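# Coordinates in review
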Amino acid sequence: MALKTARFEFSLFGINTYVVYDPETRDCAIIDPGMMGIEEENAMRNFLKRENLTVRHLINTHLHIDHAVGDRFVSETYGVPLEAHKADEPLMQRILQQAEMFGIKEKVNVVDIGKYLEAGDRIKIGGGELEVIHVPGHSQGHIVLYDRADGCLYGGDVLFQGSIGRTDLPGGDYTQLVSGIKSKLLTLPDDTVVFPGHGEATTIGHEKAYNGFLR
Ligand SMILES: [Zn+2]
Ligand SMILES: [Zn+2]
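Source: prediction; values computed, not measured.

Here we take up the sheet that holds strand β7 (residues 122-125). Strand order in the open sheet formed by six strands is β7-β8-β9-β10-β13-β14, and the pairing between neighbours is mixed. Two strands lie at the open edges of the sheet, namely β7 and β14 (202-203), each paired on one side alone.

Here is the structure:
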């Protein structure tokens, strides 16, 4: 059974939050919850209720504040642990510093990683699954979630339409990022749809042909 994807774009950081769900069992995973404040939380709450979805997984592609700001809301409201890669754990402290910088300190409570994800792990969502691919370079613990059966991936800040993730933040490494994208993502089928953490979706084939960072 094919999984379905719903995209939310939350405002402060212009972040894409994805709800990936099995339309038959109504199980879902929430990837990179970027909602902040009651209105955005209610948008998610209402969607899940209307669609009758049960949250089984809370997953962060990596631990930057824009992708993690809604972690506590999702974790506490739906009783699910945060799943992320261990190598991003040192960034937790930075999230709090960033929250202070943005003047939203009181709204950001980090959640500890409750389940470590590693390359090769498979995350079950009803009858479907996401495979964990580790692509460090934007951060050291950055993972991409690949739905092989449906030919799509949730890419966080690794690969964008015509661009790649920035590498000037702590844990960033340009050479590592480019080589990881080439060896682990551009080797996937050309028609694989990439759902990025910011901006519009693209495909592996399109980026292979036109992305100037990957020549
Ligand atoms: Zn990031
Ligand atoms: Zn981001």
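The next subject is the pairing of β7. Relative to strand β8 (residues 128-134), β7 is paired through four bridges, and the arrangement is antiparallel. Its bridge partner lying in β8, Lys124 is registered against Glu129.

Turning next to the pairing of strand β6 (residues 113-116). In the sheet, strand β5 (residues 82-84) pairs with β6 via three bridges, with the strands oriented parallel. In the strand pairing of β6, Ala84 is matched with Tyr116.

Let's shift gears to helix α1 (residues 38-50). Across its 13 residues, α1 extends 18 Å between first and last C-alpha, which sits within 8% of the 18 Å expected from 1.5 Å per residue. By the burial criterion, the buried members of α1 are Glu40, Met44 and Leu48. Seen end-on, α1 carries its buried residues on one side only, within an arc spanning 75°. Those residues of α1 that are exposed and aimed more than 90 degrees away from the buried face are Ile38, Glu39, Asn42, Asn46, Lys49 and Arg50. Two residues or fewer past α1, Asn52 is found with a positive phi of approximately 60°.

Basis of the calculations
Sequence positions are assigned chain by chain, starting from 1 and proceeding in written order. In the order they appear in the text, chains get letters beginning with A and ligands get numbers beginning with 1. Reporting in this predicted model follows two pLDDT cut-offs: at least 70 for local features of residues, and 80 or more for side-chain atom pairs to be given and counted; totals over whole chains, interfaces and linings ignore these cut-offs and use all residues. At least two bridges found by DSSP between two strands are what make those strands a pair. Here a helix means four or more residues in a row that DSSP labels H or I, a strand means two or more in a row labelled E, and each is numbered from the N terminus. To estimate how far a helix should extend, the number of its residues minus one is multiplied by 1.5 Å. Burial in this document is a count-based property: other C-beta atoms within 10 Å of a residue's C-beta are tallied, and the residue is buried at 20 or more, exposed at 12 or fewer, or partly exposed in between, with C-beta positions derived from the backbone. The arc in question is the one traced by the directions running from the helix axis out to the C-beta atoms.

By themselves, these are just geometric observations and shouldn't be taken as functional.
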